Amino acid sequence: MENTVTTCSGGQPARKLRKARTLFEKNAAPILHLSGMDVTIVKTDYEGQAKKLLELMEHTDVVIVAGGDGTLQEVVTGILRRVDEATFSKIPIGFIPLGQTSSLSQTLFAESGNKVQRITDATLAIVKGETVPLDVLQIKGEKEQPVFAMTGLRWGSFRDAGVKVSKYWYLGPLKTKAAHFFSTLKEWPQTHQAAISYTGPTERPSSEPEEAPQRPSLYRRILRRLAAYWAQPQDASPQEVHPEVWKEVQRSTIELSITTRNRQLDPASTEDFMTICIEPDTLSKGDFIIIGSKKMRDPTLCPAGTEHLQASKCTLRLPQGAGGSFSIDSEDYEAMPVEVTLLPRKLHFFCDPRRREQVLRGPVQERTEPEGPGPAL
């Protein structure tokens, strides 16, 4: 390969950034250099730098992102904001998980509790060259440029409590439950009102190349054209085009999320869609604390009674003055009305061959928290 651009993690505290760069230089960089690639390493120093870099980059065969969800989101957004994104987005992407949150790791690599092993597996996956196509969400506000997400958008009470966990660091292992407990003291029940307009899944085009039929003889082609001409009604009307059918719902929820299916790929599916999860606002305080603590480990966990909608496009409208923040791929954005569009199988990511075989076998069932009474508070 002529040139590989590697983007290291940015926008982190200095101590974590130094540690991430050391892990990369010791465990990933030697493998890339020994593979014969011509590697250009760009170390980002501030938030937004990777996005600008990818908007201006030229002449590369592979893009490698060494960081977490935030760095990956910047790179993906930079790629898809380019004028030539239709061609540039075909360049395969390698992801080396170095950040605090690396949501795509479980899709792309075999499970491992050892961080060095994960970094090594991710780097070897790039060298081996096998890829999987992943969906992207385009999220656009009324005035801002769109941002792009590989995982999704979260808005609600679990998200708000989760970002405050670090404030209670002095409580050690109790900090997560403490953040959710103190959240219930400010306001209860906690509800978020939203109006959602959406259109359903789209049909997935066949991925198998069609075989070109053998060209018939000139005599047969002439007969076929004559038969088609005489059989065609002269006053035939043009084929009717069916408009998209939009549905609208208004909901009160404790948390709403719009996510891709990248964590549970289904190659046999005949439809493409994103999932809108509307979690019930009837949870007790105890259930909120218990489920919130579990969501810190697995944000896809849904309480019993969650409503799931399948959509290819949607608009999310919030009440005036709703305030708050979205988490988009673990990065904070001001909450506002947005339009979300699914870009199915838009980008190709390098994947561990072992994990790729598991992914192609079928989807993992979505986890739902079973119903049950929580502790009284």
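Conventions used here
- Residues numbered from 1 in each chain as written.
- Predicted model: local features only at pLDDT ≥ 70, side-chain atom pairs only at ≥ 80, totals over all residues.
- Heavy atoms only, no water.
- Helix = DSSP H or I, 4+ residues; strand = E, 2+ residues; numbered from the N terminus.
- Buried < 20%, exposed > 50% of the residue type's maximum accessible area, 1.4 Å probe, protein only.
- Contact = heavy atoms within 4.5 Å.
- Areas by Shrake-Rupley, 256 points an atom, 1.4 Å probe, with all protein chains shown as cover.
- Expected span 1.5 Å × (residues − 1).
- Core = buried A, V, L, I, M, F, W, Y, C linked by side-chain atoms within 4.5 Å.
- Pairing = 2+ DSSP bridges.
- Phe/Tyr/Trp six-rings, centres within 6.5 Å; stacked < 30°, edge-to-face > 60°.
- Lys NZ or Arg CZ within 6 Å of the ring centre and 35° of its normal.

Asker: What is the right way to read the overall build of the protein from this model?
Answerer: Counting secondary structure elements, the protein contains twelve helices and 20 strands. Taking all 377 residues of the protein together, 45% fall into the buried category. Across the protein, contacts joining residues at least 24 apart in sequence account for 81% of those joining residues at least 6 apart. For the protein, the accessible surface area stands at approximately 20,900 Å², while carbon and sulfur atoms represent 52% of it.

Asker: Would you mind showing me how to read the environment of Leu301 here?
Answerer: Position of Leu301 among the secondary structure elements: in the loop between helix H11 (285-297) and strand E14 (302-303). Considering only alpha carbons, one finds Leu301 and Ile291, ten residues apart in sequence, at a separation of 8.1 Å.

Asker: Please clarify how helix H9 (residues 175-186) should be interpreted in this entry.
Answerer: Note on helix geometry: an α-helix contains 3.6 residues per turn, so any two residues three or four positions apart are oriented the same way. Its twelve residues give H9 an end-to-end C-alpha distance of 17 Å, which sits within 8% of 16 Å, the value for a rise of 1.5 Å per residue. Listing the buried residues of H9 in full gives Thr176, Ala178, Ala179, His180, Ser183 and Thr184. Against the buried residues of H9 lie helix H8 (157-162) and H11.

Asker: Could you clarify how one ought to interpret the nonpolar core in this entry?
Answerer: General note: in soluble globular proteins, nonpolar side chains tend to be found buried as a group. Residues Ile96, Leu108, Met150 and Phe349 are the most contacted members of the largest nonpolar core, which totals 46 residues. Other than its neighbours up to four places away in sequence, Leu108 contacts Phe95, Val132, Leu134, Phe349, Phe350, Cys351, Asp352 and Arg355.

Asker: Just to check I follow, could you spell out the pairing of strand E4 (residues 93-97) for this structure?
Answerer: The side chains of a regular strand alternate, first on one face of the sheet and then on the other. Counting buried positions along E4 gives five out of five residues, so the element sits mostly inside the fold. In E4, alternate side chains face the same way, and those of Ile93, Phe95 and Pro97 on one face and Gly94 and Ile96 on the other are all buried. As judged from the five bridges shared by strand E3 (residues 62-67) and E4, these two strands associate in the parallel manner. What sits directly across from Gly67, in E4, is Pro97.

Asker: Even after reading the chapter, I still don't get the packing of aromatic side chains, so can you show me in this structure?
Answerer: Given two aromatic rings, one states the distance between the centres and the angle between the planes to describe the pair. All chains considered together, the criterion is met by seven aromatic pairs. Between Phe158 and Phe288, the aromatic rings sit 4.8 Å apart at their centres with planes inclined by 20°, giving stacked as the arrangement. Remark: Phe288 occurs in helix H11 and Phe158 occurs in helix H8; sequence separation between them is 130 residues. Judged on exposure class, the residue Phe158 and its partner Phe288 are both buried. Between the aromatic rings of Trp188 and Phe288, the centroid separation amounts to 5.5 Å while the plane-to-plane angle is 65°, which identifies the pairing as edge-to-face. Of this pair, Trp188 sits in the loop between H9 and strand E8 (192-199) while Phe288 sits in helix H11, and the two are 100 residues apart along the sequence. Phe288 sits in the buried class, given a relative accessible area of 0%. When the ring centre of Phe88 is taken as origin, the NZ or CZ atom of Arg82, which lies over that ring, is 3.8 Å away. Directly above the ring of Phe273 sits Arg261, whose terminal nitrogen or CZ lies 3.8 Å from the centroid.

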